[in-house]
Amino acid sequence: MIQLDVSIMGHPYRLACREGEERALKEAVNYLDGKMTALRDSGKVKGNDRIAVMAALSVAAELLSTKSGEGPFSGLSLMEVKQKIDAMNTVLDSALTPQENLF
């Protein structure tokens, strides 16, 4: 295993990967960092946990839009998946907003 030092939203992480997979891991880190940074910079999502969840949902929606017609989003257009993500975001906002006041 190879250890790589990377940064996501300015936070350092040490990740392990198999030899020969460094480039793919770096591309994934850069992609995720871009998604999370864009969400943070938009000002619409606050808190690193929420940013991470929304970035994960965005990446999952992208993945699901390229998959075949099986699974929970089968038969849905990308727009419908985005609408479902927006609904999930609303639920997350409702659940996490009270926790922000604890810090």
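Here is a short report on the structure shown in this document. (Residues numbered from 1 in each chain as written. Predicted model: local features only at pLDDT ≥ 70, side-chain atom pairs only at ≥ 80, totals over all residues. Heavy atoms only, no water.)

What follows covers the pattern of salt bridges. A complete count under the given rule lists six salt bridges for this structure. Between Arg23 and Glu27 there is a salt bridge; the shortest N-O distance is 3.2 Å. Separated by four residues within a single helix, Arg23 and Glu27 lie in helix α1 (residues 22–42), roughly one turn from each other. (Salt bridge = Lys/Arg side-chain N within 4 Å of Asp/Glu carboxyl O. Helix = DSSP H or I, 4+ residues; strand = E, 2+ residues; numbered from the N terminus.)

What follows is about the nonpolar core. Core analysis: the biggest nonpolar cluster contains 16 residues, and Leu4, Leu25, Val29, Met36, Ile51, Met54 and Ile85 have the highest contact counts within it. Going through the elements one at a time, β1 (2–8), α1, α2 (48–66) and α3 (78–100) are the ones with two or more residues in this core. Among the elements that line this core, the one with the most residues is α2, at five residues. Residues in contact with Ile51, not counting those within four places in the same chain, are Met9, Met36, Leu39, Arg40 and Val45. (Core = buried A, V, L, I, M, F, W, Y, C linked by side-chain atoms within 4.5 Å. Buried < 20%, exposed > 50% of the residue type's maximum accessible area, 1.4 Å probe, protein only. Contact = heavy atoms within 4.5 Å.)

Geometric values such as these leave the question of function open.
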